[in-house]
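Listed here are the chains, written in short residue letters.
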Number of protein chains: 2
Amino acid sequence: MPPIKIDHLAVVVDDMPAALNFWQQALGLTLGGTEHNEHEAVDIAFLNVGESRVELLKPITDDSGIAKYLAKRGPGMHHVCIAVSDIEAAMATIRANGVELINETPRTREDGTRYAFVHPKSTGGVMVELYELKGQG
Amino acid sequence: MPPIKIDHLAVVVDDMPAALNFWQQALGLTLGGTEHNEHEAVDIAFLNVGESRVELLKPITDDSGIAKYLAKRGPGMHHVCIAVSDIEAAMATIRANGVELINETPRTREDGTRYAFVHPKSTGGVMVELYELKGQG
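The structure displayed is predicted, hence computed values, not measured ones.

Engineer: Account for the overall build of chain A, naming residues and giving values.
Structural biologist: Of regular secondary structure, chain A possesses 3 helices and 8 strands. Counting from the amino terminus, chain A carries its helices and strands in the arrangement β-α-β-β-β-α-β-α-β-β-β. The C-alpha radius of gyration computed for chain A amounts to 15 Å, which stays within 12% of the reference 14 Å derived for 137 residues, consistent with globular compactness. Here chain A holds 137 residues, and 50% of them are scored as buried. Of the contacts made within chain A by residues no fewer than 6 positions apart, 52% connect residues no fewer than 24 positions apart. Side chains of chain A carry 12 positive and 19 negative charges; the gap between the two charge centres is 6 Å.

Shown next, in the form of structure tokens:
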């Protein structure tokens, strides 16, 4: 079963109002929601585009993974999340092709979504996240 | 009229067979086509994912823009292309919000598709391309 869609494209930003001025006002994407996530130390804004979303991530501390990425690489695209219907099957096929996963078993978000990250050194420099979308695909 | 969808996510690669091993074999995306583009000095592979595509770009000379990007930044995500139904209207709204375009007027690909790039310094570090998809949206 091939993947379903690009679920979201995550973008690290250093200035959330400026980022929203571009993606929402200038480009015209609809704001789907915002979240202040203390656990991951980021402010998040989701913008809808077709079946996908652009996810803006603004670090709120200096020591998170996202903050370190921003300090090292500057603002820009951070990862792409691909939706699959069966995450265990997707991870098994990825592993069988010699590609390294960051998470050896699926992790679960607070909303119940299961996810895993593929190691960028195995993908040609792209951080790829998998999301399991139940009942789709 | 809001944008239609993510048309494609472009990824610069330094090893096309390794990139296809990940995106096609390991992740399971369907190969939509390949192109050897002498004019832009890149080998291209398109992989389908939902309504979008992942576009792999491999420089074939050392002096193209993509080759210089690869040498400076390493392989990884290069730009995201957003499909719009009216590129002049989209560009006017972008400009009215103080965002700088690289192309002041739409350019046209050999297949007739009109496009323009937004300057990454105006988007928070993301190179954004606009495509006009006629008859959609």
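Engineer: Talk me through the environment of B:Arg109; I want residue IDs and the actual numbers.
Structural biologist: Residues and elements named next belong to chain B. In this structure, arginine 109 sits in the loop between strand E6 (107-108) and strand E7 (114-118). The partly exposed category is assigned to arginine 109, whose relative accessible area is 23%. Residues in contact with arginine 109, not counting those within four places in the same chain, are Glu40, Tyr115, Glu129 and Tyr131.

Engineer: I'd like a rundown of the sheet that holds strand E8 (residues 128-132) of chain A, residues and numbers included.
Structural biologist: All names here are of chain A. The 8 strands lie next to each other as E2-E3-E4-E1-E5-E8-E7-E6, forming an open sheet whose pairing is mixed. The open sheet terminates on both sides in strands that have one partner only, identified here as strand E2 (30-37) and strand E6 (107-108). Its contacts with the sheet place helix H1 (residues 16-26) against strand E1 (5-12), E2, strand E3 (42-49) and strand E4 (52-59), and it is angled at close to 5° to E3.

Engineer: A description of the interface of chain A and chain B should follow, citing residues and the corresponding values.
Structural biologist: Listed by partner, the interface residues are 41 residues for chain A and 41 residues for chain B. Across the interface of chain A and chain B, roughly 3200 Å² is buried in total on both sides, 70% from carbon and sulfur atoms. If you look at where chain A meets chain B, you find 0 salt bridges. Applying the counting rule to chain A against chain B returns 5 residue pairs in polar contact (both at pLDDT 80 or more). Listing elements by their share of the side of chain A that touches chain B, those giving two or more residues are E1, H1, strand E5 (76-84), helix H3 (87-96) and E8 of chain A. A per-element tally of the side of chain A that touches chain B places E5(A) first, with 6 residues. For the side of chain A that touches chain B, the class distribution of residues is 24 nonpolar, 14 polar and 3 charged.

Engineer: Talk me through a positive patch on the surface; I want residue IDs and the actual numbers.
Structural biologist: Positive charge collects at one region of the surface, where A:Lys72, A:Arg73, B:Lys72 and B:Arg73 lie side by side. Of all the secondary-structure elements, those providing two or more residues to the positive patch are helix H2 (65-73) of chain A together with helix H2 (65-73) of chain B. Following the sequence through the fold, B:Lys72 ends up in helix H2.

Engineer: I'd like to hear about the nonpolar core, residue by residue, with values.
Structural biologist: The biggest cluster of nonpolar side chains holds 64 residues, and the ones touching the most others in it are A:Trp23, A:Leu56, A:Val80, B:Trp23, B:Leu56 and B:Val80. With near-sequence residues (within four places) excluded, B:Val80 lies in contact with A:Leu9, A:Trp23, A:Met77, B:Ile6, B:His8, B:Leu9, B:Val126, B:Met127, B:Val128 and B:Glu129.

Engineer: How would you explain the pattern of salt bridges if you had to name every residue and give the values?
Structural biologist: All names here are of chain B. Throughout the structure, instances matching the rule amount to 14 salt bridges over all chains. A salt bridge links arginine 114 to glutamate 88; its shortest N-O distance comes to 2.8 Å. Here the residue arginine 114 occupies a position in strand E7, and glutamate 88 occupies one in helix H3 (residues 87-96), the gap between them amounting to 26 residues. Classification of glutamate 88 as partly exposed rests on a relative accessible area of 40%.

Reading guide: rules and limits
Residues numbered from 1 in each chain as written. Chains lettered and ligands numbered in written order. Predicted model: local features only at pLDDT ≥ 70, side-chain atom pairs only at ≥ 80, totals over all residues. Heavy atoms only, no water. Helix = DSSP H or I, 4+ residues; strand = E, 2+ residues; numbered from the N terminus. Rg over C-alpha atoms; globule rule 2.2 N^0.38 Å. Buried < 20%, exposed > 50% of the residue type's maximum accessible area, 1.4 Å probe, protein only. Contact = heavy atoms within 4.5 Å. Lys, Arg positive; Asp, Glu negative; His and termini not counted. Charge placed at Lys NZ, Arg CZ, Asp CG, Glu CD. Pairing = 2+ DSSP bridges. Axes fitted to C-alpha atoms, helices over the stretch in contact; angles between N-to-C directions. Buried area = accessible area lost by both parts, 1.4 Å probe. Salt bridge = Lys/Arg side-chain N within 4 Å of Asp/Glu carboxyl O. Polar contact = N/O pair within 3.5 Å; in protein donor to acceptor, adjacent residues only side chain to side chain. Nonpolar A, V, L, I, M, F, W, Y, C, P; charged D, E, K, R; others polar. Patch = residues over 30% accessible without salt bridge, like charges linked within 9 Å, V, L, I, M, F, W, Y side chains within 5 Å. Areas by Shrake-Rupley, 256 points an atom, 1.4 Å probe, with all protein chains shown as cover. Core = buried A, V, L, I, M, F, W, Y, C linked by side-chain atoms within 4.5 Å.

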